[in-house]
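Secondary and tertiary structure notes
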Amino acid sequence: MIRLDNVVKRYGDTTAVDGVSFEVPTGEVCVLIGPSGCGKTTTLRMINRLIEPSGGTIEVDGRDIMSARPEELRRHIGYVIQSVGLFPHLTVADNIATVPRLLGWKDERIKPRIGELLELVGLDPDEYAGKYPRQLSGGEAQRIGVARALAADPPVLLMDEPFGAVDPLNRGHLQGEFARIQRELKKTVIFVTHDVDEAIRLADRIALMRDGRLQQYDTPEALLDHPANKFVHDFMGADRALKRLGRVLVGDAMRTDIEVARILDAGDIDRDACGDARFVYLVDGNGLLRGWVDCHDLDEGRSIDDAVTEIDWREASVAPDISLKDALSTMIGLGFRSIPVTESGTLVGSITLSSIEATMTSSDSHITQLSGETLSSEEPS
Ligand SMILES: Nc1ncnc2c1ncn2[C@@H]1O[C@H](COP(=O)(O)OP(=O)(O)OP(=O)(O)O)[C@@H](O)[C@H]1O
Ligand SMILES: [Mg+2]
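Residues numbered from 1 in each chain as written. Chains lettered and ligands numbered in written order. Predicted model: local features only at pLDDT ≥ 70, side-chain atom pairs only at ≥ 80, totals over all residues. Heavy atoms only, no water.

To continue, consider a negative patch on the surface. Negative charge collects at one region of the surface, where E119, D124, D126 and E127 lie side by side. Locating D126 in the fold gives a position in helix 6 (residues 125–128). In this structure D126 comes out as exposed when scored by relative accessible area, which is 76%. (Patch = residues over 30% accessible without salt bridge, like charges linked within 9 Å, V, L, I, M, F, W, Y side chains within 5 Å. Areas by Shrake-Rupley, 256 points an atom, 1.4 Å probe, with all protein chains shown as cover. Salt bridge = Lys/Arg side-chain N within 4 Å of Asp/Glu carboxyl O. Lys, Arg positive; Asp, Glu negative; His and termini not counted. Charge placed at Lys NZ, Arg CZ, Asp CG, Glu CD. Helix = DSSP H or I, 4+ residues; strand = E, 2+ residues; numbered from the N terminus. Buried < 20%, exposed > 50% of the residue type's maximum accessible area, 1.4 Å probe, protein only.)

Structural data, given as C-alpha coordinates:
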(Lines give C-alpha, C1' and ligand atoms only; values in the text may rest on other atoms or scores of the structure.)
(Ligands and ions follow the chains in the order given, each with its own letter.)
Protein backbone atom coordinates (compact mmCIF):
# COMPACT_ATOMS: atom_id res chain seq x y z
CA MET A 1 0.00 0.00 0.00
CA ILE A 2 1.08 3.57 -0.71
CA ARG A 3 -0.32 6.30 1.55
CA LEU A 4 0.12 10.04 1.09
CA ASP A 5 -1.07 12.26 3.91
CA ASN A 6 -1.23 16.02 3.40
CA VAL A 7 1.91 16.01 1.26
CA VAL A 8 3.37 19.39 0.31
CA LYS A 9 6.24 20.47 -1.93
CA ARG A 10 7.32 24.11 -2.06
CA TYR A 11 9.93 25.72 -4.26
CA GLY A 12 10.41 29.21 -2.83
CA ASP A 13 7.06 30.91 -3.33
CA THR A 14 5.74 28.21 -5.66
CA THR A 15 3.72 25.40 -4.13
CA ALA A 16 4.07 22.55 -6.62
CA VAL A 17 2.11 20.06 -4.50
CA ASP A 18 -0.39 21.42 -2.02
CA GLY A 19 -1.72 19.09 0.67
CA VAL A 20 -2.28 15.93 -1.34
CA SER A 21 -3.68 12.84 0.45
CA PHE A 22 -4.64 9.48 -1.04
CA GLU A 23 -4.11 5.76 -0.53
CA VAL A 24 -3.32 3.14 -3.15
CA PRO A 25 -4.22 -0.36 -1.94
CA THR A 26 -1.73 -3.15 -2.65
CA GLY A 27 -2.04 -4.55 -6.16
CA GLU A 28 -4.05 -1.62 -7.52
CA VAL A 29 -3.29 0.89 -10.26
CA CYS A 30 -3.72 4.56 -9.37
CA VAL A 31 -3.57 6.86 -12.38
CA LEU A 32 -2.41 10.38 -11.57
CA ILE A 33 -3.73 12.80 -14.14
CA GLY A 34 -4.10 16.54 -14.66
CA PRO A 35 -2.92 19.43 -16.84
CA SER A 36 0.76 20.11 -17.46
CA GLY A 37 2.47 21.59 -14.41
CA CYS A 38 -0.20 20.45 -11.92
CA GLY A 39 2.37 18.51 -9.85
CA LYS A 40 2.16 14.91 -11.10
CA THR A 41 5.88 14.28 -11.56
CA THR A 42 6.69 16.08 -8.31
CA THR A 43 4.20 13.89 -6.41
CA LEU A 44 5.64 10.73 -7.97
CA ARG A 45 9.25 11.64 -7.28
CA MET A 46 8.55 12.37 -3.63
CA ILE A 47 7.45 8.75 -3.16
CA ASN A 48 10.92 7.41 -4.01
CA ARG A 49 12.62 10.47 -2.52
CA LEU A 50 14.12 11.75 -5.74
CA ILE A 51 12.46 14.91 -4.39
CA GLU A 52 12.25 15.53 -0.64
CA PRO A 53 8.76 16.57 0.56
CA SER A 54 8.39 19.94 2.34
CA GLY A 55 5.61 18.54 4.52
CA GLY A 56 3.21 15.69 5.17
CA THR A 57 3.92 11.97 5.34
CA ILE A 58 4.30 9.21 2.78
CA GLU A 59 4.18 5.54 3.67
CA VAL A 60 5.06 2.63 1.42
CA ASP A 61 3.88 -0.72 2.75
CA GLY A 62 3.35 0.71 6.20
CA ARG A 63 6.78 2.31 6.47
CA ASP A 64 7.43 6.06 6.54
CA ILE A 65 9.72 6.75 3.59
CA MET A 66 11.75 9.20 5.67
CA SER A 67 12.89 6.31 7.86
CA ALA A 68 14.45 4.44 4.91
CA ARG A 69 17.68 5.30 3.15
CA PRO A 70 16.78 6.69 -0.31
CA GLU A 71 18.92 4.13 -2.21
CA GLU A 72 17.40 1.30 -0.21
CA LEU A 73 13.89 2.65 -0.85
CA ARG A 74 14.48 2.95 -4.60
CA ARG A 75 15.51 -0.67 -4.91
CA HIS A 76 12.01 -1.66 -3.87
CA ILE A 77 10.27 0.85 -6.07
CA GLY A 78 10.50 0.47 -9.85
CA TYR A 79 10.55 3.80 -11.67
CA VAL A 80 9.72 4.49 -15.31
CA ILE A 81 10.99 7.99 -16.06
CA GLN A 82 9.07 10.56 -18.11
CA SER A 83 10.53 10.43 -21.69
CA VAL A 84 11.99 6.93 -21.12
CA GLY A 85 15.49 7.87 -19.96
CA LEU A 86 17.40 4.76 -21.04
CA PHE A 87 21.18 5.01 -20.63
CA PRO A 88 22.30 5.69 -24.22
CA HIS A 89 25.76 4.11 -23.88
CA LEU A 90 24.41 0.84 -22.45
CA THR A 91 22.80 -2.01 -24.40
CA VAL A 92 19.20 -3.01 -23.76
CA ALA A 93 20.44 -5.92 -21.63
CA ASP A 94 22.67 -3.68 -19.52
CA ASN A 95 19.92 -1.12 -19.13
CA ILE A 96 17.59 -3.80 -17.78
CA ALA A 97 20.34 -5.19 -15.54
CA THR A 98 20.96 -1.86 -13.78
CA VAL A 99 19.08 -2.49 -10.53
CA PRO A 100 19.82 -6.24 -10.27
CA ARG A 101 23.57 -5.37 -10.51
CA LEU A 102 23.15 -2.72 -7.80
CA LEU A 103 21.53 -5.41 -5.69
CA GLY A 104 24.54 -7.64 -6.26
CA TRP A 105 22.79 -10.33 -8.28
CA LYS A 106 25.10 -12.87 -9.94
CA ASP A 107 25.33 -12.97 -13.74
CA GLU A 108 23.76 -16.44 -13.79
CA ARG A 109 20.64 -14.91 -12.30
CA ILE A 110 20.64 -11.67 -14.28
CA LYS A 111 20.94 -13.20 -17.75
CA PRO A 112 17.77 -15.32 -17.68
CA ARG A 113 15.93 -12.47 -15.98
CA ILE A 114 16.73 -10.19 -18.94
CA GLY A 115 15.33 -12.77 -21.37
CA GLU A 116 12.24 -13.26 -19.23
CA LEU A 117 11.55 -9.51 -19.05
CA LEU A 118 12.07 -8.93 -22.78
CA GLU A 119 9.56 -11.68 -23.47
CA LEU A 120 7.18 -10.19 -20.94
CA VAL A 121 7.19 -6.85 -22.78
CA GLY A 122 6.84 -8.59 -26.14
CA LEU A 123 10.37 -8.25 -27.59
CA ASP A 124 12.54 -11.10 -28.86
CA PRO A 125 15.54 -11.40 -26.48
CA ASP A 126 17.91 -12.65 -29.20
CA GLU A 127 17.15 -9.67 -31.35
CA TYR A 128 16.94 -6.91 -28.76
CA ALA A 129 19.31 -7.67 -25.86
CA GLY A 130 22.38 -6.37 -27.70
CA LYS A 131 20.83 -3.25 -29.23
CA TYR A 132 21.53 0.29 -28.09
CA PRO A 133 18.70 2.72 -27.26
CA ARG A 134 19.30 4.76 -30.45
CA GLN A 135 18.49 1.61 -32.48
CA LEU A 136 15.01 1.35 -30.94
CA SER A 137 11.70 2.87 -32.00
CA GLY A 138 9.85 5.04 -29.47
CA GLY A 139 7.50 2.19 -28.56
CA GLU A 140 10.34 -0.32 -28.15
CA ALA A 141 12.25 2.09 -25.93
CA GLN A 142 9.15 2.50 -23.77
CA ARG A 143 8.89 -1.27 -23.40
CA ILE A 144 12.53 -1.46 -22.32
CA GLY A 145 11.85 1.31 -19.80
CA VAL A 146 9.06 -0.83 -18.32
CA ALA A 147 11.25 -3.97 -18.37
CA ARG A 148 14.03 -2.09 -16.57
CA ALA A 149 11.65 -0.88 -13.88
CA LEU A 150 10.40 -4.45 -13.32
CA ALA A 151 13.88 -6.02 -13.31
CA ALA A 152 14.29 -6.66 -9.59
CA ASP A 153 10.59 -7.50 -9.18
CA PRO A 154 9.75 -4.50 -6.97
CA PRO A 155 6.32 -4.59 -5.31
CA VAL A 156 5.74 -0.92 -6.16
CA LEU A 157 6.00 0.71 -9.56
CA LEU A 158 6.00 4.44 -10.35
CA MET A 159 5.44 5.19 -14.03
CA ASP A 160 5.70 8.75 -15.37
CA GLU A 161 3.92 8.95 -18.74
CA PRO A 162 5.40 5.60 -19.75
CA PHE A 163 3.64 5.60 -23.13
CA GLY A 164 3.81 9.35 -23.71
CA ALA A 165 6.19 9.23 -26.66
CA VAL A 166 4.36 6.79 -28.96
CA ASP A 167 1.69 7.12 -31.63
CA PRO A 168 -1.93 6.35 -30.70
CA LEU A 169 -1.98 2.89 -32.31
CA ASN A 170 1.14 1.65 -30.55
CA ARG A 171 -0.06 3.32 -27.41
CA GLY A 172 -3.23 1.23 -27.44
CA HIS A 173 -1.08 -1.83 -27.89
CA LEU A 174 1.23 -0.95 -25.01
CA GLN A 175 -1.77 -0.22 -22.78
CA GLY A 176 -3.17 -3.67 -23.54
CA GLU A 177 0.17 -5.24 -22.69
CA PHE A 178 0.48 -3.25 -19.51
CA ALA A 179 -3.00 -4.42 -18.47
CA ARG A 180 -2.01 -8.03 -19.20
CA ILE A 181 1.28 -7.75 -17.28
CA GLN A 182 -0.48 -6.09 -14.36
CA ARG A 183 -3.12 -8.85 -14.19
CA GLU A 184 -0.24 -11.29 -13.90
CA LEU A 185 2.12 -9.41 -11.56
CA LYS A 186 -0.35 -7.34 -9.46
CA LYS A 187 2.07 -4.56 -8.57
CA THR A 188 1.01 -1.50 -6.63
CA VAL A 189 1.28 1.14 -9.35
CA ILE A 190 1.09 4.90 -9.64
CA PHE A 191 0.86 5.76 -13.31
CA VAL A 192 1.03 9.35 -14.59
CA THR A 193 -0.64 10.36 -17.83
CA HIS A 194 -2.23 13.31 -19.65
CA ASP A 195 -4.60 11.05 -21.53
CA VAL A 196 -8.10 10.58 -20.09
CA ASP A 197 -8.82 7.49 -22.19
CA GLU A 198 -5.61 5.87 -21.00
CA ALA A 199 -6.55 6.67 -17.40
CA ILE A 200 -10.03 5.20 -17.80
CA ARG A 201 -8.71 2.07 -19.39
CA LEU A 202 -5.95 1.30 -16.90
CA ALA A 203 -6.94 2.77 -13.55
CA ASP A 204 -8.53 1.09 -10.57
CA ARG A 205 -8.68 4.63 -9.21
CA ILE A 206 -7.91 8.00 -10.74
CA ALA A 207 -6.33 10.90 -8.83
CA LEU A 208 -7.11 14.09 -10.74
CA MET A 209 -4.92 17.09 -9.84
CA ARG A 210 -5.01 20.77 -10.67
CA ASP A 211 -2.54 23.44 -9.53
CA GLY A 212 -0.94 21.11 -6.98
CA ARG A 213 -4.26 20.09 -5.42
CA LEU A 214 -6.16 16.85 -5.60
CA GLN A 215 -9.58 17.47 -7.13
CA GLN A 216 -11.03 13.97 -6.86
CA TYR A 217 -9.74 10.49 -6.07
CA ASP A 218 -12.12 7.75 -7.07
CA THR A 219 -12.91 5.01 -9.58
CA PRO A 220 -13.06 6.03 -13.24
CA GLU A 221 -16.81 5.36 -13.21
CA ALA A 222 -17.31 7.74 -10.31
CA LEU A 223 -15.27 10.50 -11.95
CA LEU A 224 -17.33 10.10 -15.12
CA ASP A 225 -20.71 9.92 -13.43
CA HIS A 226 -20.24 11.86 -10.22
CA PRO A 227 -17.58 14.51 -10.84
CA ALA A 228 -16.81 16.42 -7.64
CA ASN A 229 -16.74 19.79 -9.40
CA LYS A 230 -16.91 21.48 -12.78
CA PHE A 231 -13.20 21.11 -13.42
CA VAL A 232 -13.44 17.32 -13.02
CA HIS A 233 -16.53 17.25 -15.20
CA ASP A 234 -14.88 19.25 -17.98
CA PHE A 235 -11.57 17.40 -17.74
CA MET A 236 -13.24 13.99 -18.11
CA GLY A 237 -14.93 15.24 -21.30
CA ALA A 238 -18.33 15.14 -22.89
CA ASP A 239 -18.63 11.64 -24.37
CA ARG A 240 -18.99 9.96 -21.00
CA ALA A 241 -21.13 7.02 -22.11
CA LEU A 242 -18.58 6.18 -24.79
CA LYS A 243 -15.65 6.63 -22.42
CA ARG A 244 -17.24 4.17 -20.02
CA LEU A 245 -17.12 1.52 -22.74
CA GLY A 246 -13.34 1.90 -22.52
CA ARG A 247 -13.58 0.12 -19.13
CA VAL A 248 -15.25 -3.04 -20.39
CA LEU A 249 -13.36 -5.79 -22.18
CA VAL A 250 -14.84 -7.56 -25.16
CA GLY A 251 -14.18 -10.89 -23.43
CA ASP A 252 -16.41 -9.88 -20.51
CA ALA A 253 -19.30 -8.67 -22.64
CA MET A 254 -19.35 -11.10 -25.56
CA ARG A 255 -21.94 -13.79 -26.23
CA THR A 256 -20.43 -17.24 -26.34
CA ASP A 257 -23.60 -19.24 -27.07
CA ILE A 258 -23.46 -18.52 -30.77
CA GLU A 259 -24.58 -20.77 -33.60
CA VAL A 260 -21.70 -21.89 -35.76
CA ALA A 261 -21.65 -23.80 -39.03
CA ARG A 262 -18.68 -26.02 -39.85
CA ILE A 263 -17.08 -26.61 -43.20
CA LEU A 264 -17.45 -30.31 -43.99
CA ASP A 265 -15.43 -32.41 -46.37
CA ALA A 266 -16.29 -32.20 -50.04
CA GLY A 267 -16.92 -28.46 -49.84
CA ASP A 268 -20.23 -28.77 -48.00
CA ILE A 269 -21.22 -27.18 -44.70
CA ASP A 270 -23.43 -28.49 -41.90
CA ARG A 271 -26.67 -26.78 -42.76
CA ASP A 272 -28.39 -27.85 -39.53
CA ALA A 273 -26.52 -25.14 -37.64
CA CYS A 274 -28.81 -22.58 -39.19
CA GLY A 275 -31.90 -23.29 -37.05
CA ASP A 276 -33.88 -20.08 -36.56
CA ALA A 277 -30.96 -17.73 -37.10
CA ARG A 278 -30.62 -15.66 -40.24
CA PHE A 279 -26.81 -15.59 -40.16
CA VAL A 280 -24.36 -18.00 -38.55
CA TYR A 281 -20.58 -17.83 -38.45
CA LEU A 282 -18.62 -20.37 -40.47
CA VAL A 283 -15.51 -22.08 -39.11
CA ASP A 284 -13.19 -24.71 -40.55
CA GLY A 285 -12.30 -28.06 -38.99
CA ASN A 286 -9.83 -26.32 -36.64
CA GLY A 287 -12.33 -23.78 -35.37
CA LEU A 288 -10.75 -20.95 -37.39
CA LEU A 289 -13.21 -18.28 -38.46
CA ARG A 290 -13.75 -18.34 -42.22
CA GLY A 291 -16.84 -16.19 -42.73
CA TRP A 292 -20.59 -16.33 -42.27
CA VAL A 293 -23.53 -18.06 -43.85
CA ASP A 294 -26.78 -16.42 -44.90
CA CYS A 295 -29.27 -19.12 -43.83
CA HIS A 296 -32.03 -17.43 -45.76
CA ASP A 297 -30.06 -17.96 -48.99
CA LEU A 298 -29.64 -21.65 -48.15
CA ASP A 299 -33.38 -22.02 -47.46
CA GLU A 300 -34.11 -20.47 -50.82
CA GLY A 301 -31.98 -23.16 -52.42
CA ARG A 302 -29.01 -20.99 -53.39
CA SER A 303 -25.57 -22.54 -53.66
CA ILE A 304 -23.13 -22.59 -50.77
CA ASP A 305 -20.88 -20.21 -52.67
CA ASP A 306 -23.73 -17.71 -52.87
CA ALA A 307 -24.76 -18.16 -49.24
CA VAL A 308 -21.27 -17.86 -47.73
CA THR A 309 -19.42 -14.58 -47.26
CA GLU A 310 -15.75 -15.23 -46.63
CA ILE A 311 -13.87 -12.92 -44.27
CA ASP A 312 -10.32 -12.59 -43.02
CA TRP A 313 -10.37 -12.77 -39.21
CA ARG A 314 -7.41 -10.36 -39.06
CA GLU A 315 -9.57 -7.62 -40.53
CA ALA A 316 -13.13 -8.48 -39.59
CA SER A 317 -12.96 -9.70 -36.01
CA VAL A 318 -11.84 -8.35 -32.63
CA ALA A 319 -9.78 -9.85 -29.81
CA PRO A 320 -11.28 -10.51 -26.34
CA ASP A 321 -8.72 -8.29 -24.61
CA ILE A 322 -9.62 -5.02 -26.31
CA SER A 323 -12.21 -2.60 -24.91
CA LEU A 324 -15.81 -2.38 -26.07
CA LYS A 325 -15.03 1.17 -27.12
CA ASP A 326 -12.38 -0.05 -29.56
CA ALA A 327 -14.65 -2.88 -30.71
CA LEU A 328 -17.43 -0.40 -31.39
CA SER A 329 -15.16 1.78 -33.47
CA THR A 330 -14.06 -1.28 -35.51
CA MET A 331 -17.74 -2.21 -36.02
CA ILE A 332 -18.57 1.29 -37.18
CA GLY A 333 -15.57 1.26 -39.52
CA LEU A 334 -16.70 -2.02 -41.08
CA GLY A 335 -20.40 -1.18 -41.03
CA PHE A 336 -21.18 -4.32 -38.96
CA ARG A 337 -24.02 -4.59 -36.44
CA SER A 338 -22.25 -7.53 -34.87
CA ILE A 339 -18.65 -8.68 -34.97
CA PRO A 340 -17.02 -12.05 -34.28
CA VAL A 341 -14.49 -12.33 -31.45
CA THR A 342 -11.40 -14.44 -32.19
CA GLU A 343 -8.24 -15.52 -30.42
CA SER A 344 -5.51 -16.10 -33.03
CA GLY A 345 -8.29 -16.71 -35.54
CA THR A 346 -10.30 -19.17 -33.43
CA LEU A 347 -13.90 -18.06 -33.02
CA VAL A 348 -14.71 -17.60 -29.33
CA GLY A 349 -17.78 -15.36 -29.30
CA SER A 350 -19.50 -12.36 -30.76
CA ILE A 351 -20.33 -8.79 -29.86
CA THR A 352 -23.50 -7.11 -31.08
CA LEU A 353 -24.64 -3.50 -30.97
CA SER A 354 -27.42 -4.56 -28.64
CA SER A 355 -24.98 -6.23 -26.22
CA ILE A 356 -22.98 -2.99 -26.16
CA GLU A 357 -26.15 -1.09 -25.42
CA ALA A 358 -27.02 -3.53 -22.64
CA THR A 359 -23.57 -3.05 -21.10
CA MET A 360 -24.07 0.71 -21.06
CA THR A 361 -27.42 0.36 -19.33
CA SER A 362 -26.26 -2.16 -16.74
CA SER A 363 -23.13 -0.16 -15.87
CA ASP A 364 -25.43 2.81 -15.28
CA SER A 365 -27.38 0.99 -12.61
CA HIS A 366 -24.15 -0.44 -11.17
CA ILE A 367 -22.76 3.06 -10.74
CA THR A 368 -25.94 4.37 -9.16
CA GLN A 369 -25.70 1.58 -6.59
CA LEU A 370 -22.06 2.25 -5.83
CA SER A 371 -22.36 5.93 -5.22
CA GLY A 372 -25.20 7.22 -3.13
CA GLU A 373 -23.94 10.78 -3.11
CA THR A 374 -25.52 13.54 -5.11
CA LEU A 375 -23.49 15.35 -7.66
CA SER A 376 -22.24 18.81 -6.88
CA SER A 377 -21.56 21.04 -9.84
CA GLU A 378 -20.02 23.73 -7.69
CA GLU A 379 -16.34 24.56 -7.92
CA PRO A 380 -14.55 24.13 -4.59
CA SER A 381 -13.71 27.52 -3.13
N1 LIG B 1 12.93 22.26 -9.31
C2 LIG B 1 11.87 23.09 -9.41
N3 LIG B 1 11.97 24.39 -9.03
C4 LIG B 1 10.91 25.21 -9.10
N5 LIG B 1 9.69 24.84 -9.57
C6 LIG B 1 9.54 23.59 -9.96
C7 LIG B 1 10.60 22.64 -9.90
N8 LIG B 1 10.15 21.45 -10.36
C9 LIG B 1 8.87 21.65 -10.68
N10 LIG B 1 8.49 22.92 -10.46
C11 LIG B 1 7.15 23.49 -10.70
O12 LIG B 1 6.22 22.67 -10.02
C13 LIG B 1 5.03 22.51 -10.78
C14 LIG B 1 4.73 21.05 -10.97
O15 LIG B 1 5.70 20.43 -11.80
P16 LIG B 1 5.60 18.93 -12.24
O17 LIG B 1 6.82 18.59 -13.01
O18 LIG B 1 5.30 18.12 -11.06
O19 LIG B 1 4.32 18.98 -13.21
P20 LIG B 1 3.64 17.80 -14.06
O21 LIG B 1 2.24 17.73 -13.60
O22 LIG B 1 4.45 16.57 -14.00
O23 LIG B 1 3.68 18.44 -15.52
P24 LIG B 1 3.83 17.70 -16.96
O25 LIG B 1 2.50 17.12 -17.25
O26 LIG B 1 4.16 18.84 -17.86
O27 LIG B 1 4.94 16.69 -16.86
C28 LIG B 1 5.25 23.26 -12.07
O29 LIG B 1 4.64 24.51 -11.97
C30 LIG B 1 6.76 23.41 -12.14
O31 LIG B 1 7.12 24.57 -12.84
MG1 LIG C 1 5.54 15.50 -15.43
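Mapping V192 onto the fold places it in strand 8 (residues 188–193). Take V192: its relative accessible area is 0%, and that puts it in the buried class. When the C-alpha atoms of V192 and S329 are compared, they prove to be 26 Å apart, with 137 residues separating the residues in sequence.

Moving on: the confidence of the model for the protein. The pLDDT averaged across the protein works out to 88; a share of 94% of its residues lies at or above 70. Throughout residues 364–381 the model reports pLDDT below 50, and contacts reaching past four residues in sequence, or to other chains, amount to 23 contacts. (pLDDT = per-residue confidence, 0-100. Contact = heavy atoms within 4.5 Å.)

Before going further, it helps to examine the site of ligand 1. Close to ligand 1 lie Y11, A16, S36, G37, C38, G39, K40, T41, T42, Q82, E161 and H194, which account for all nearby residues. Here an oxygen atom of ligand 1 and a backbone polar atom of G37 are 2.8 Å apart. T42 is positioned such that a nitrogen or oxygen atom in its side chain is 2.5 Å from an oxygen atom of ligand 1. Burial of ligand 1 by the surrounding chains reaches 60%, relative to a free accessible area of 640 Å². For the shell around ligand 1, the element with the most residues is helix 1 (residues 40–47), which contributes three residues. For the shell around ligand 1, the per-class residue count stands at three nonpolar, seven polar and two charged. (Near = heavy atom within 4 Å. Polar contact = N/O pair within 3.5 Å; in protein donor to acceptor, adjacent residues only side chain to side chain. Nonpolar A, V, L, I, M, F, W, Y, C, P; charged D, E, K, R; others polar.)

On domain assignment, one finds that the protein holds domain 1 (2–248) and domain 2 (251–354). For domain 1 and domain 2, the distance between their C-alpha centres works out to 39 Å. Contacts between the two partners involve seven residues from domain 1 and, on the opposite side, eight residues from domain 2. Carbon and sulfur atoms make up 64% of the surface buried where domain 1 meets domain 2, a total of about 650 Å² over both sides. The largest contributions to the domain 1 side of the interface with domain 2 come from R201, L245 and V248, which together make up 61% of the buried area. Between domain 1 and domain 2 we count one salt bridge in total. The tally of links between domain 1 and domain 2 comes to four residue pairs in polar contact (both at pLDDT 80 or more). (Domains from an automatic or database assignment. Buried area = accessible area lost by both parts, 1.4 Å probe.)

This paragraph deals with the state of the cysteines. Throughout the structure, instances matching the rule amount to one disulfide. With a sulfur-sulfur separation of 2.0 Å, C274 is cross-linked through a disulfide to C295. Because the torsion about its S-S bond is -85°, the bridge between C274 and C295 counts as left-handed. Linking C274 in the loop between strand 11 (260–262) and strand 12 (279–283) with C295 in helix 14 (residues 295–299), this pair joins segments that are 21 residues apart in sequence. Take C274 and C295: they sit in the same class, and that class is buried. (Disulfide = S-S within 2.5 Å.)

On to the pattern of salt bridges. Scanning all chains against the criterion turns up 20 salt bridges. In this structure, R49 engages E52 in a salt bridge whose closest nitrogen and oxygen atoms are separated by 3.1 Å. One salt-bridge network, held together by shared partners, links D297, E300 and R302.

This part is about empty space enclosed by the protein. On inspection of all chains with the given rule, the structure shows two cavities of 30 Å³ or more. For the largest cavity, the calculated volume is near 80 Å³. Lining the largest cavity we find V121, R143, V146, M159, F163, L174, E177, F178 and I181. Counting only elements with at least two residues in the lining of the largest cavity, the list comes to helix 7 (138–150) and helix 8 (168–185). When the residues that make up the lining of the largest cavity are grouped by side-chain class, the tally is seven nonpolar, no polar and two charged. (1 Å grid on protein atoms, 1.4 Å probe; cavity = no way out; pocket = protein on both sides within 12 Å on 5 of 7 lines; lining within 4 Å. Points joined across faces, edges and corners; volume = space filled by probe spheres on them.)

What follows covers the sheet that holds strand 9 (residues 205–210). Taken in spatial order, the six strands of this open sheet run 6-7-8-3-9-10, and their pairing is mixed. One side of each edge strand has no neighbouring strand; the edge strands of this open sheet are strand 6 (77–80) and strand 10 (213–218). Across this sheet, the average inter-strand angle for adjacent strands is 15°, counted without regard to direction. Across the sheet, helix 7 is in contact with strand 6 and strand 7 (156–160); its angle to strand 6 comes to roughly 165°. (Pairing = 2+ DSSP bridges. Axes fitted to C-alpha atoms, helices over the stretch in contact; angles between N-to-C directions.)

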